[in-house]
Amino acid sequence: MNLLCEWLSNFILTNIIIQCRKHFSLKKFENIITIGDIFTEMIIINKGAVNFFLSPIYNNYKLLTINKGNHFGDVNMFLGERSEFTIKSSLNQTEIFSLKMSIYTDLKINFPE
């Protein structure tokens, strides 16, 4: 019975996420977030990768690459922080999903695990 409840819970969670997310297909070097933007959504990388760049003061130095299956922005979103980086798609055909804070909050409350 416990296994069935866990499977059902995962199934419901997956369906909620699929229905509530926004999908974006990006080309190489397309901006996702620029320096100074306020994070309002969590970004999930479904395909490809994204790069984090420092400001022009630092010659737009590429600081970090995040690949498929990872996410970012959830902590910044809840803290209401502005981005300190420009975040761009690093490959053609990069695919990301975003979840708004209200949806993310509902998911965390209803599915704390």
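In short, a report on the structure.

Cut-offs used in this document
- Residues numbered from 1 in each chain as written.
- Predicted model: local features only at pLDDT ≥ 70, side-chain atom pairs only at ≥ 80, totals over all residues.
- Heavy atoms only, no water.
- Phe/Tyr/Trp six-rings, centres within 6.5 Å; stacked < 30°, edge-to-face > 60°.
- Helix = DSSP H or I, 4+ residues; strand = E, 2+ residues; numbered from the N terminus.
- Buried < 20%, exposed > 50% of the residue type's maximum accessible area, 1.4 Å probe, protein only.
- Lys NZ or Arg CZ within 6 Å of the ring centre and 35° of its normal.
- Pairing = 2+ DSSP bridges.

Moving on to the packing of aromatic side chains. Taken as a whole and assessed by the stated rule, the structure comprises 2 aromatic pairs. Note on F52 and F72: the rings are 5.2 Å apart at their centroids and 75° apart in plane angle, and the pair reads as edge-to-face. Here F72 lies in strand β6 (residues 71–72) and F52 lies in strand β4 (residues 49–53), a separation of 20 residues in the sequence. Both residues of the pair, F52 and F72, count as buried. Geometrically, the ring pair formed by F52 and F85 is edge-to-face, given 5.8 Å between the ring centres and 70° between the ring planes. Taken together, the residues F52 in strand β4 and F85 in the loop between α2 (74–79) and β7 (86–89) connect sequence positions 33 residues apart. Grouped by ring-pair contacts, the aromatic residues F52, F72 and F85 constitute a single cluster. The ring of F53 has K88 lying over it, and the distance from NZ or CZ to the ring centre is 5.7 Å.

Here we take up the pairing of β7. Note that strand β2 (residues 31–33) and β7 share 2 bridges and pair antiparallel. Looking at the pairing, I33 lines up with I87 of β7. As judged from the 4 bridges shared by β4 and β7, these two strands associate in the antiparallel manner. Counted as the bridge partner of V50 is S89 from β7.

In short, geometric facts, not functional conclusions.
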